[in-house]
Amino acid sequence: MKLDIRTVAFFSSLFAVAAAHENQATTKWPTPEYHTLPPLREQAEIQDAWTQERRDNIPKLLTKYGIDAWLVSQREYAEDTAFWSLKWAQEFSSRRRTTLLFLANPSDDTPYSYKWVDNKGTMWAELRDVLEAQNVESIAINNHSLIAFSSGLHAGELEAIREGLGEKWASSLVAEPMLGVEYIGTMPAGRAEWYRRLQSTVWAAISEAFSEKVITPGTTTTDDVRWWLREKLQQMNYTTWFHPDVMIVDETTWESDPIQTDPPRRLIRYGDMLHVDFGLTALGLNTDTQHLAYVLHPGQTEDDVPQGLIEGLKKGNRLQDILISQMKVGRTGNEILKAALEQMHNEGIEGKIYSHPVGDWGHSAGPLFGMFDLQEGVPVIGDLPLLSNTYYSIELMVRHFVPEWNKSLNFPLEEDVMWDGDAAARGDNPWKWAIGRQEKFHLIRTPAEASENIRGDL
Ligand SMILES: *[C@@H]1O[C@H](CO)[C@@H](O)[C@H](O)[C@H]1NC(C)=O
Ligand SMILES: *[C@@H]1O[C@H](CO)[C@@H](O)[C@H](O)[C@H]1NC(C)=O
Ligand SMILES: *[C@@H]1O[C@H](CO)[C@@H](O)[C@H](O)[C@H]1NC(C)=O
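Residues numbered from 1 in each chain as written. Chains lettered and ligands numbered in written order. Predicted model: local features only at pLDDT ≥ 70, side-chain atom pairs only at ≥ 80, totals over all residues. Heavy atoms only, no water.

**Student:** I keep staring at the packing of aromatic side chains and nothing clicks. Help me out?
**Tutor:** Summed over the entire model, instances satisfying the criterion amount to twelve aromatic pairs. Considering the side-chain rings of Trp70 and Phe102, the 6.1 Å spacing of their centres and the 40° angle between planes classify their relative orientation as tilted. With Trp70 in strand S1 (residues 69-75) and Phe102 in strand S2 (residues 97-103), the pair connects residues that are 32 residues apart, well separated along the chain. Looking at Trp70, the relative accessible area reads 0%, which means it is buried. Site record: aromatic cluster; members linked through ring pairs are Phe369, Tyr392, Trp419 and Trp431. One cation-aromatic arrangement involves Arg54 over Tyr183; the distance from NZ or CZ to the ring centre is 5.2 Å. Across from the ring centre of Phe372, 4.0 Å away, lies the NZ or CZ of Lys352, which sits over that ring. (Phe/Tyr/Trp six-rings, centres within 6.5 Å; stacked < 30°, edge-to-face > 60°. Helix = DSSP H or I, 4+ residues; strand = E, 2+ residues; numbered from the N terminus. Buried < 20%, exposed > 50% of the residue type's maximum accessible area, 1.4 Å probe, protein only. Lys NZ or Arg CZ within 6 Å of the ring centre and 35° of its normal.)

**Student:** What am I meant to see in the site of ligand 1 here?
**Tutor:** Every residue near ligand 1 is listed here: Ile141, Asn143, Arg162 and Leu173. One nitrogen or oxygen atom from the side chain of Asn143 is found 2.2 Å from an oxygen atom belonging to ligand 1. Residue Arg162 places a side-chain N or O atom 3.3 Å away from an oxygen atom belonging to ligand 1. (Near = heavy atom within 4 Å. Polar contact = N/O pair within 3.5 Å; in protein donor to acceptor, adjacent residues only side chain to side chain.)

**Student:** Just to check I follow, could you spell out unusual backbone geometry for this structure?
**Tutor:** Leave glycine aside and you will find that most residues have negative phi; peptide bonds, for their part, are mostly trans. Within the chain, Arg96 stands out as a residue other than glycine whose phi angle is a positive 50°. Relative to the elements of secondary structure, Arg96 occurs in the loop between helix H4 (83-86) and S2.

**Student:** Just checking my understanding: could you explain the environment of Gly185 for this structure?
**Tutor:** Locating Gly185 in the fold gives a position in helix H7 (residues 177-185). Classification of Gly185 by relative accessible area gives buried; the value is 5%. C-alpha of Gly185 to C-alpha of Pro59: the two residues are 126 residues apart in sequence and 16 Å apart in space.

**Student:** What's the story with the nonpolar core in this structure? I'm lost.
**Tutor:** Across soluble globular proteins, nonpolar side chains have a tendency to be buried as a group. The biggest cluster of nonpolar side chains holds 77 residues, and the ones touching the most others in it are Met327 and Phe441. Residue contributions to this core peak at nine residues, all from helix H8 (residues 191-209). (Core = buried A, V, L, I, M, F, W, Y, C linked by side-chain atoms within 4.5 Å.)

**Student:** Explanation requested: the UniProt feature "domain: Peptidase M24" (unreviewed entry) in the protein chain in the structure shown.
**Tutor:** The UniProt record annotates "domain: Peptidase M24" (unreviewed entry) at residues 203-405. Split by type, residues 203-405 is 27% helix and 20% strand. Its first and last C-alpha atoms lie 28 Å apart. (UniProt positions renumbered as here; feature names shortened; annotations may be inferred.)

**Student:** Help me understand the domain arrangement of the protein chain, please; the structure alone is not making it clear to me.
**Tutor:** Quoted interface sizes are often the accessible area lost when the parts come together. When its domains are assigned, the protein chain resolves into domain 1 (5-37 + 190-444) and domain 2 (58-184). Inter-centroid distance (C-alpha atoms) of domain 1 to domain 2 is 37 Å. Listed as interface residues are eleven residues of domain 1 and, on the opposing side, 13 residues of domain 2. Interface area, domain 1 with domain 2, both sides summed: about 950 Å², of which 79% is carbon and sulfur. A per-residue breakdown of the area domain 1 buries against domain 2 is headed by Trp361, Ala365 and Leu387, which together make up 47% of the total. Connecting domain 1 to domain 2 are zero salt bridges. (Domains from an automatic or database assignment. Contact = heavy atoms within 4.5 Å. Buried area = accessible area lost by both parts, 1.4 Å probe. Salt bridge = Lys/Arg side-chain N within 4 Å of Asp/Glu carboxyl O.)

**Student:** Can you walk me through the pairing of strand S13 (residues 391-402) in this structure?
**Tutor:** Two faces belong to every sheet, and in a regular strand the side chains alternate between them. When you tally the buried positions in S13, you get ten out of twelve residues, the bulk of the element. Relative to S13, strand S11 (residues 350-353) runs antiparallel, the two being bridged by four bridges. Looking across to S13, one finds that Gly351 is bridged to Val398. Two elements, strand S12 (residues 356-358) and S13, share three bridges in a ladder whose sense is antiparallel. (Pairing = 2+ DSSP bridges.)

**Student:** Looking at this structure, how should I read helix H5 (residues 123-133)?
**Tutor:** Quick reminder: α-helices carry 3.6 residues per turn. Residues three or four places apart thus point the same way. Restricting attention to buried positions, one finds in H5 the residues Met123, Trp124, Leu127, Val130 and Leu131. Projected down its long axis, H5 shows its buried positions confined to an angular sector of 120°, all on one face. H5 presents Asp129 and Ala133 as exposed residues on the side facing more than 90 degrees away from its buried surface. Tucked into the core, H5 has its buried residues touching S1, S2, strand S3 (113-118), strand S4 (139-141) and helix H6 (155-170). (Arc of directions from axis to C-beta.)

Below, the structure is given as structure tokens:
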């Protein structure tokens with residue numbers, strides 16, 4: 001991939017700032033910028049290089065879990081979840097029956113991967129021949145009942161596999177959920193640079209959405225901002241994996257499970273605290289970010305943000321630090337959740353943690369650290385071990401009493417971190433913010449001469 005001078009300058013400034021962060025209490029993150037995507041042909045080359053690197057790692061992955069082969073088989077439009085992370089950029093679905101076989105220890109000069117696209121049934125004999133020739137004893141399939149990334153094998157396809165393999169080879173089928181989880185969850189190093197650009201674009205879009213360029217108090221609704229973000233992505237040739245949420249934070253915000261309700265459409269007014277949950281999709285990658293904004297009254301400046309709100313955000317930042325300090329590779333998600341919540345309570349903070357891997361999917365493969373309504377631990381997925389070389393969305397909230405408003409509010413925040421292998425090798429915190437984390441409110445400013453009187457309702 002080509003790097004122009006401006007991009008190089010951007011990334012070196014990013015690293016300089018990140019290094020400074022280690023020693024400073026207050027942080028100045030790089031100014032976010034919109035990054036445009038290269039032409040489609042170039043995008044395909046970039047993505048295929050990542051896919052090649054990940055596929056080349058499959059034999060090692062199989063060896064790690066003591067499995068001889070991995071069979072990922074599907075029919076057009078009934079793809080295994082793992083297929084989407086194995087396919088090449090020019091593939092838009094599987095065709096006919098598409099069967100992929102990967103081997104841990106291919107014999108001399110034979111490939112580690114095979115692919116059949118078949119509608120005559122002739123592939124089964126060829127597949128059996130490969131298994132025979134390669135002395136395969138165990139064949140992993142993705143038939144787990146609870147982990148999506150290891151359960152993409154369709155029920156009918158499993159029957160076809162059993163029949164096609166015959167009794168001898170069907171009895172070699174095994175389930176190893178970590179194959180799908182680690183293959184999909186682990187990020188090739190080359191992705192880091194683009195992931196930071198995508199995140200910078202997200203920050204730029206949120207900064208613009210949460211500004212007087214987009215929001216006129218008394219006129220703009222929360223829905224207007226949601227659709228503005230969607231249109232912005234469209235203009236930028238990005239897409240997304242969820243419709244953005246924008247809401248006015250009040251005492252009811254995120255008191256119940258936010259996944260169950262669409263935030264109400266409301267008119268934005270002076271003095272509102274706003275929240276956004278926004279992510280984008282490009283190059284086979286996804287991001288997930290939540291930020292807060294404050295709508296200043298006419299003529300007000302940064303100094304007029306209520307101190308209680310500033311302290312709520314700071315408390316949220318503290319909980320982010322607590323969680324990251326507990327994210328030790330090899331610990332299970334539930335162990336990390338428990339330790340972080342314990343430390344949170346010891347520090348007198350009230351809050352919730354519901355963080356997840358991010359990457360190939362918005363909610364990607366790997367252990368969860370809590371879910372909104374599962375603060376005691378997440379069955380099965382929470383018991384997976386934390387892997388290195390993954391990206392995580394640090395998603396959480398604190399509850400904080402705001403004296404100026406005489407009420408307690410939830411401060412939901414979300415920011416993505418990426419594994420930094422060099423920091424890990426030095427024994428430093430290996431989880432680095434993709435671009436930074438929100439430490440100051442986005443502000444919507446209005447000139448002093450504007451009227452405080454805005455129309456009452458929607
Ligand atoms: C998945 O397949 C393996 C091998 O046939 C079997 O042992 C296991 O019970 C299956 N799991 C489920 C959930 O069906
Ligand atoms: C989006 O794609 C169109 C069509 O290829 C192109 O003309 C335009 O410049 C792209 N916009 C951005 C912001 O990259
Ligand atoms: C603050 O709110 C509580 C009820 O939540 C109320 O009892 C109290 O009078 C309020 N205090 C002020 C100063 O308004």
